[in-house]
Amino acid sequence: MAEQADVIVIGMGPGGEAAAARLAKAGLSVVGIEKNLVGGECPYYGCIPSKMMIRAADSLAEARRVPELAGTVQVAPDFAPVARRIRDEATDDWDDTVAVERFEKAGGRFVRGTARITGAKTVRVDGQDFEAARAILVNTGTDPAVPPIPGLDGTPYWTNREAIAATDAPDSLIVLGGGPIGLELAQAFARFGTRVEVLEALEALLPLEEPEAGQLVQDVLTAEGIGIHTGTRAERIDHDGTTFTVTAADTTYTGQRLLVATGRRTDLDALGLGSLGLDTGARTVRTDGHLRIADGVYAIGDITGHGAFTHMSMYQARIAADHILGEQPSEAEYHAVPRVTFTDPEVGAVGLTERQARDQGLPVATATAQVPSSARGWIHKAGNQGLIKLVADTGRGILVGATSAGPTGGEVLSMLTLAVHERTPIQRLREMIYAYPTFHRAVEDALGQLP
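Residues numbered from 1 in each chain as written. Predicted model: local features only at pLDDT ≥ 70, side-chain atom pairs only at ≥ 80, totals over all residues. Heavy atoms only, no water.

(A) Molecular detail of helix 5 (residues 80-90). Considered for burial, the residues of helix 5 that qualify are Val82, Ala83, Ile86 and Ala90. One side of helix 5 holds all its buried residues, which, seen down the axis, span an arc of 100°. Exposed residues on helix 5 whose side chains face more than 90 degrees from its buried face are Asp88 and Glu89. Once helix 5 ends, the next one or two residues include Asp92, with phi positive near 50°. (Buried < 20%, exposed > 50% of the residue type's maximum accessible area, 1.4 Å probe, protein only. Helix = DSSP H or I, 4+ residues; strand = E, 2+ residues; numbered from the N terminus. Arc of directions from axis to C-beta.)

Set out below in structure tokens:
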């Protein structure tokens, strides 16, 4: 006999955990299923521990800027406090007992195992069957995507998970992938003294962002001594027990460690979505405005294809939970999705890039202001690299996208996110008062360039 519940939640990442706890507190019987750690990638391998590492690495970089600003200093990197903080403060040494207990105290029933949907209301977990009276909520996230490079399989390569669990900074590191994860970790380890080479198959870093942002980060990383090799695809991997050798065209790169940061993947077939009549060969699932993928089945987070971000999963979790409870939430909107790459400089972006806006046939105008040319950027001096780029729809007179790169790029992004989300008229943005001297005042400089 199948165990009965009102709601079955498959995948207890940030959004799944939040929705499951909310539904349980509302009085529904909720079964939460997770094969890995409750809380998902973010608190154990992603957002939280990686930013602890980045924060420590940035403090080293800031200390090294003292001679340019205020005197002399000696910097001696030590990775041990970083590794200790990640274990003690962020991950409980990769133990999710506290998270499981938190869900159970909310009234939920937790099941550890691999779930597969077997029908419109049924789920099997390692031989045990469950049936949902109201809904199934899917929040299975993604795993690191490992490309089929000859020689890679069977070697002790890192993904972000192994990199975060490192107890020391390696002497040398090769990074495959010039996206956010690869670049954040590359810069962090380099600041602890690791010799780093980054190989990106495409022609630019951060290929999903504005090219100006990718070039800005490349210039900074290069200046910090990191080898950047765009348009470089790894063709073979060799490991002799101590050293990795990566062959790309006629060049070889060697390093003590190899970090594979070439994207994320999901397995819709293993999840059993074929039993719902969905295309399991697709990369993502399509939802309606209330996150349903089938009658009584909801999906949130990475597999919906709207960004592999904790904030996206949490946003969708609220809408899905409201709908399951019979409330009438507003439908999900994706025209102002914010995202931040936590390199130094930080690269914050929201909405459409210039290319995306033009591909949609919008009448586009852009404007760019350089942070070092602003009053605050000039005052900041050391480490002041950055830019503001605005993408405007001239037909409607609004911003449809923006990039804020700089020392506090992710924080300056907040006002731009609001402007894109609310479709605030550009003229109204020009009429605002911008505090002086601030990094966000560079937004006013860029607005003044728009027609």
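So, next bit.
(B) Broad picture of the sheet that holds strand 12 (residues 244-248). Ordered in space as 11-12-13, the three strands form an open sheet in which the pairing is antiparallel. Edge positions in the sheet fall to strand 11 (236-239) and strand 13 (251-255), since each has one partner strand and no second. When the angles between neighbouring strand axes are averaged without regard to direction, this sheet yields 20°. (Pairing = 2+ DSSP bridges. Axes fitted to C-alpha atoms, helices over the stretch in contact; angles between N-to-C directions.)

(C) Representation of the side chain of Thr304 in the model. Residue placement: Thr304 occurs in the loop between strand 17 (297-299) and helix 11 (310-324). Residue Thr304 is classed as buried on the basis of its relative accessible area, which comes to 5%. In contact with Thr304, other than residues within four places in its own chain, are Thr284, Val285, Thr287, Ala299 and Gln316. (Contact = heavy atoms within 4.5 Å.)

(D) Layout of the packing of aromatic side chains. Throughout the structure, instances matching the rule amount to four aromatic pairs. Taking the centre distance of 6.4 Å and the plane angle of 20° together, the rings of Tyr45 and Trp94 count as stacked. You can see Tyr45 sitting in the loop between helix 2 (41-44) and helix 3 (47-64) and its partner Trp94 sitting in the loop between helix 5 and helix 6 (97-105), a full 49 residues away along the chain. You can call Tyr45 partly exposed: its relative accessible area is 22%. Centroid distance Phe79 to Phe192: 5.1 Å. Interplanar angle 80°. Geometry classified as edge-to-face. Within this pair, whereas Phe79 is found in the loop between helix 4 (66-69) and helix 5, its partner Phe192 is found in the loop between helix 8 (180-191) and strand 9 (195-200), the two being separated by 113 residues in sequence. (Phe/Tyr/Trp six-rings, centres within 6.5 Å; stacked < 30°, edge-to-face > 60°.)

(E) Representation of the pattern of salt bridges. Scanning the entire structure with this criterion turns up 26 salt bridges. For the salt bridge of Asp58 with Arg191, the shortest nitrogen-to-oxygen distance reads 2.6 Å. Within this pair, whereas Asp58 is found in helix 3, its partner Arg191 is found in helix 8, the two being separated by 133 residues in sequence. A relative accessible area of 24% places Asp58 in the partly exposed class. Arg191 sits in the buried class, given a relative accessible area of 3%. The partner of Glu209 in a salt bridge is Arg339, with the nearest N and O atoms 2.8 Å apart. Note that Glu209 is positioned in the loop between strand 9 and helix 9 (211-223) and Arg339 in strand 18 (residues 338-341), a separation of 130 residues in sequence. Comparing Glu209 with Arg339 shows no difference in burial state: the two are buried. Three or more residues joined by partner-sharing salt bridges are found here, namely Asp58, Glu62, Arg65, Arg191, Glu224 and Asp344. (Salt bridge = Lys/Arg side-chain N within 4 Å of Asp/Glu carboxyl O.)

(F) Highlighting the state of the cysteines. For the structure shown, the criterion picks out one disulfide. Here Cys42 connects covalently by a disulfide to Cys47, the sulfurs 2.3 Å from one another. Residues Cys42 and Cys47 are joined by a disulfide whose S-S torsion is about -135°; by sign, that bridge is left-handed. (Disulfide = S-S within 2.5 Å.)

Purely spatial values, then, with no claim about function.
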